[in-house]
Amino acid sequence: MALRLILGFDYGTKQIGVAVGQVITGQARELCTLKAQNGIPDWDQVEALIKEWKPDAVVVGLPLNMDGTPSDMCVRAEKFARRLNGRFNLPFYTHDERLTTFEAKGERRDRGGQKGSYRDNPVDAIAAALLLQGWLDENSALFES
């Protein structure tokens, strides 16, 4: 199956950033932030996104430690990816997301859009777009025909 549209997820225990990317343009953009309780999203909201965007696959960020070893959150992020696969029968990929939240905060500041705390004005969707963009850039050779 050819990949055309991909949803990216920046998994977190309180919030999950979502981005959409197109293989043909090689571009990703932020979509939304979903609330989560202890890492569990409202699966109805996730299903609504899947039905609306009809992605060919999903990419979930892996929060590796700075030395490249898996963090405790990696296990949870991989479990989330497997649940997406199990619920929606979509292939999934994981991608190193180190520093994407830090980069997302800088991007928000550069845009002049940060008001108040990051808790009140989260950057998770920006982080999701950054990790999905990284995955698209890294895998572009797979899509060239």
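Everything quoted here is computed from the prediction, not taken from an experiment.

Can you help me understand the overall build of the protein chain in this one?
Counting its secondary structure elements, the protein chain contains four helices and six strands. Within the protein chain, the fraction of its 145 residues that count as buried is 45%. Contacts in the protein chain between residues far apart in sequence, at least 24 positions, make up 63% of those at least 6 positions apart. When the accessible surface of the protein chain is totalled, it reaches about 8,200 Å², and 50% of it is carbon and sulfur.

Would you take a moment to explain the sheet that holds strand β3 (residues 27–37) for this structure?
Two strands in a sheet stick together by hydrogen bonds in their backbones, pointing the same way (parallel) or opposite ways (antiparallel). Within the open sheet, the six strands sit side by side as β4-β3-β2-β1-β5-β6. Their pairing is mixed. What marks the edges here is a single partner per strand, and that holds for β4 (40–41) and β6 (92–96). Bridge count for β3 against β4 is two bridges, and the pairing is antiparallel. By the bridge assignment, A36 is partnered in β4 with P41. Along the sheet, helix α1 (residues 43–53) makes contact with β1 (5–10), β2 (15–22), β3 and β4, crossing β3 at roughly 160°.

Would you explain the pattern of salt bridges in this entry?
Pairs can form between side chains of opposite charge once their charged atoms are near each other. For the structure on display, the rule yields two salt bridges. Taking the shortest distance from any N to any O, the salt bridge between R4 and D56 comes out at 3.5 Å. With R4 in the segment before β1 and D56 in the loop between α1 and β5 (57–62), this residue pair connects regions lying 52 residues apart in the sequence. The partner of K51 in a salt bridge is E47, and the shortest N-O contact between them spans 3.3 Å. Taken together, the positions of K51 and E47, both in helix α1 and four residues apart, correspond to about one turn of that helix. Residue classification places K51 among the exposed residues on the basis of a relative accessible area of 55%.

What should I look at first to understand the packing of aromatic side chains in this one?
Where two aromatic rings form a pair, the distance of their centres and the angle of their planes describe that pair. Counting across every chain of the model gives five aromatic pairs. With centroids separated by 5.2 Å and ring planes inclined at 35°, the aromatic side chains of Y11 and F80 adopt a geometry described as tilted. Linking Y11 in the loop between β1 and β2 with F80 in helix α2 (residues 72–88), this pair joins segments that are 69 residues apart in sequence. Since its relative accessible area comes to 7%, Y11 is described here as buried. Relative to F88, the ring of W43 has its centre 6.4 Å away and its plane inclined at 40°; by these criteria the two rings are tilted. Residue W43 is located in helix α1, and its partner F88 is located in helix α2; the two are separated by 45 residues in the primary sequence. On the accessibility criterion, W43 (12% relative accessible area) is buried.

What exactly am I supposed to notice about the side chain of D124 here?
The residue D124 is located in helix α4 (residues 124–143) in this model. The side chain of D124 sits in the buried core without any salt bridge; K35 is the nearest counter-charge, 7.5 Å away. At 2.9 Å, the side chain of D124 and the side chain of Q15 are in polar contact. The residues touching D124, leaving out its near neighbours within four places in the chain, are D10, Q15, I16, G17 and T33.

The rules behind these values
Residues numbered from 1 in each chain as written. Predicted model: local features only at pLDDT ≥ 70, side-chain atom pairs only at ≥ 80, totals over all residues. Heavy atoms only, no water. Helix = DSSP H or I, 4+ residues; strand = E, 2+ residues; numbered from the N terminus. Buried < 20%, exposed > 50% of the residue type's maximum accessible area, 1.4 Å probe, protein only. Contact = heavy atoms within 4.5 Å. Areas by Shrake-Rupley, 256 points an atom, 1.4 Å probe, with all protein chains shown as cover. Pairing = 2+ DSSP bridges. Axes fitted to C-alpha atoms, helices over the stretch in contact; angles between N-to-C directions. Salt bridge = Lys/Arg side-chain N within 4 Å of Asp/Glu carboxyl O. Phe/Tyr/Trp six-rings, centres within 6.5 Å; stacked < 30°, edge-to-face > 60°. Lys, Arg positive; Asp, Glu negative; His and termini not counted. Polar contact = N/O pair within 3.5 Å; in protein donor to acceptor, adjacent residues only side chain to side chain.

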